[in-house]
Amino acid sequence: MKRVLKLVFCIAVLTVLLAVNAFGAELFIIPSAGAETVLREIPTSFVYNADWQSILETLSNPVTVPDTGEVVMENTDNTEAAETTDAAEETAEAAELTGEDAGTAEAGADAADTAVAGGTEETTENTEPAASQTEAETATTPVATNNRVVCIDAGHQSKGNNAQEPIGPGATQTKAKVAGGTRGVATGVPEYQLTLDVAMKLQSELQSRGYTVIMCRTSHDVNISNAERAEIANNAGAGAFLRLHGNGAGSGEASGAETLAPSSSNPYCSGIAAQSQALSKTVLDGLCAATGAKNRGVKITDNMSGINWSRVPVTIVEMGYMTNAAEDAQMQDPSYQAKLAKGMADGVDAFFGL
Ligand SMILES: [Zn+2]
């Protein structure tokens, strides 16, 4: 009888152990699987960027500089936002950097506002990142580009948009979608008008040289954020993305042209940094050679949404200071605008080795 009891007891114990084991296994397996799923869904660059963001926020921007000696790493005066003063230079720089990528965008309005010039067939072969990549990887992977496709973004629009957007893929830091831009101190002409006037001249110049040109906008009354402008260039597989702007400073004495490019350690678009710096240099050199404008050099910055969201070679061209009376007036001269366009086109040719 004792044997029977022992046997029953042993069977009971074994049954309990098996039940606990199964239950326990479930306890472990379910959360474990859930945790893995969550981890996989967190973009790796989000974590990465968070670290970079804290680093970037503690450093004044622009950051970094390649050892080329051709790329100058210093703070810029370019204010794509509103007027700034030399007295508040550091504050102004932060504000202006914020301003650059400010803009407007109501969902849905962008596609309709986006004007595409030239054929787009050539873009169909552009390779999209493999489906197995995470969204974050996809968002930062350079797009295979067609060399003869150039995307032009006439900076700003008739009304800025202070609604926020991440400054790059996976970024927690946000900036206004599009800033209002500056205004000519002598002519009163708004920046968004200057940029489109020159952009359309550049479009014609490039088309005459055989390029396919994609325009982010061809009118002022649009609502396209800086990130969305970058997406237009990405989707076009542009071999070069030129973002035209007019500069601003508080003193009125600052003059000359400069271009902006991302650093090689940019957390969002380091893959296009080298090409973007090269593009920035050739375009700036071409512009200055054609116009005689003072060459202020290539400036490195990682705070521009329209650059950070780009997956094709990109440069911001600060064509001249609208806060400098002489330069402002000059930039409203159609013949000078033609020189600006020719010079930038020369720079694009040089970038493509033509
Ligand atoms: Zn601007």
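Each remark here, short or long, concerns the structure printed above.
For the structure given in this document, a descriptive report is provided here. Predicted model, so just to flag it, every value in this text is computed and none were measured.

**Topic: the overall build of the chain**
Assigned secondary structure in the chain consists of 11 helices and nine strands. Residue pairs at least 24 apart in sequence account for 82% of intrachain contacts in the chain once pairs closer than 6 positions are excluded.

**Quick notes on unusual backbone geometry**
Backbone geometry places histidine 156, a non-glycine residue, at a positive phi of 70 degrees. Here histidine 156 is to be found in the loop between β2 (146-154) and β3 (161-166).

**With respect to the environment of glutamine 157**
Mapped onto the fold, glutamine 157 is located in the loop between β2 and β3. On the basis of neighbour counts, which here come to 28 C-beta atoms within 10 Å, the residue glutamine 157 falls in the buried class. The sequence separation of glutamine 157 and asparagine 223 amounts to 66 residues, and the corresponding C-alpha distance is 7.2 Å.

**Let's talk about the nonpolar core**
Core analysis: the biggest nonpolar cluster contains 66 residues, and Val150, Cys151, Ile152, Ala238 and Met344 have the highest contact counts within it. The contacts of valine 150, once residues within four sequence positions are left out, are Leu206, Tyr211, Val213, Ala238, Gly239, Ala240, Leu242 and Val348.

**Topic: the packing of helix α8 (residues 273-291) against helix α11 (residues 334-351)**
Axis separation between α8 and α11 bottoms out at 7 Å; the angle between their running directions is 145 degrees. Two packed elements cross with a definite hand, and for α8 against α11 that hand is right-handed. Of the residues in α11, those in contact with Ala278, Leu279, Thr282, Val283, Leu284, Asp285, Gly286, Leu287, Ala289, Ala290 and Thr291 of α8 are Tyr336, Lys339, Leu340, Lys342, Gly343, Met344, Asp346, Gly347, Val348, Ala350 and Phe351.

**Some remarks on the environment of methionine 200**
Secondary-structure assignment places methionine 200 in helix α6 (residues 191-208). Taking C-alpha positions, methionine 200 is 8.5 Å from methionine 215, a pair spaced 15 residues apart along the chain.

**Structural notes on α8**
If you check α8, its first and last C-alpha atoms are 27 Å apart, about what 19 residues at 1.5 Å a residue would give, namely 27 Å. For α8, the complete set of buried residues consists of Ala273, Ser276, Gln277, Leu279, Ser280, Lys281, Thr282, Val283, Leu284, Gly286, Leu287 and Thr291. Glycine 292 sits one or two residues past α8 and shows a positive phi near 80 degrees.

**Section: the pairing of strand β7 (residues 257-261)**
Within β7, five of the five residues are buried, which leaves it mostly tucked inside the rest of the structure. With four bridges joining them, β7 and strand β8 (residues 295-300) adopt parallel strand pairing. By the bridge assignment for β8, leucine 260 is matched with lysine 299. Handedness of the β-α-β unit built from β7, α8 and β8 comes out right-handed.

**Considering the packing of α6 against α11**
Where α6 meets α11, the closest approach of the two axes is 8 Å, and the angle between their N-to-C directions is 50 degrees. Put simply, α6 runs oblique to α11. Crossing of α6 over α11 shows right-handed handedness. Here α6 contributes Asp197, Val198, Lys201, Leu202, Glu205 and Leu206 to the contact with α11, which in turn contributes Gln337, Ala338, Leu340, Ala341, Lys342, Met344, Ala345 and Val348. Here the residues of the contact of α6 with α11 sort into nine nonpolar, one polar and four charged.

**Some details on the environment of glutamate 205**
Within the fold, glutamate 205 resides in helix α6. Residues glutamate 205 and methionine 344, 139 residues apart in the sequence, show an inter-C-alpha distance of 9.3 Å. Excluding anything up to four places from it in sequence, glutamate 205 contacts Ala341, Lys342 and Ala345.

**So, α6**
Compared with the 26 Å implied by 1.5 Å per residue over 18 residues, the 26 Å span of α6 between its first and last C-alpha is a close match. Immediately downstream of α6, the backbone of glycine 210 shows phi near 95 degrees, a positive value.

Thresholds, definitions, all that
- Residues numbered from 1 in each chain as written.
- Predicted model: local features only at pLDDT ≥ 70, side-chain atom pairs only at ≥ 80, totals over all residues.
- Helix = DSSP H or I, 4+ residues; strand = E, 2+ residues; numbered from the N terminus.
- Contact = placed C-beta atoms within 7 Å.
- Buried ≥ 20, exposed ≤ 12 C-beta atoms within 10 Å, placed from the backbone.
- Core = buried A, V, L, I, M, F, W, Y, C linked by C-beta atoms within 7 Å.
- Axes fitted to C-alpha atoms, helices over the stretch in contact; angles between N-to-C directions.
- Left-handed = near helix turned anticlockwise from the far one by under 90°.
- Expected span 1.5 Å × (residues − 1).
- Pairing = 2+ DSSP bridges.
- Right-handed = clockwise from strand over helix to strand, strands pointing away.
- Parallel < 35°, antiparallel > 145°, perpendicular 65-115°, else oblique.
- Nonpolar A, V, L, I, M, F, W, Y, C, P; charged D, E, K, R; others polar.

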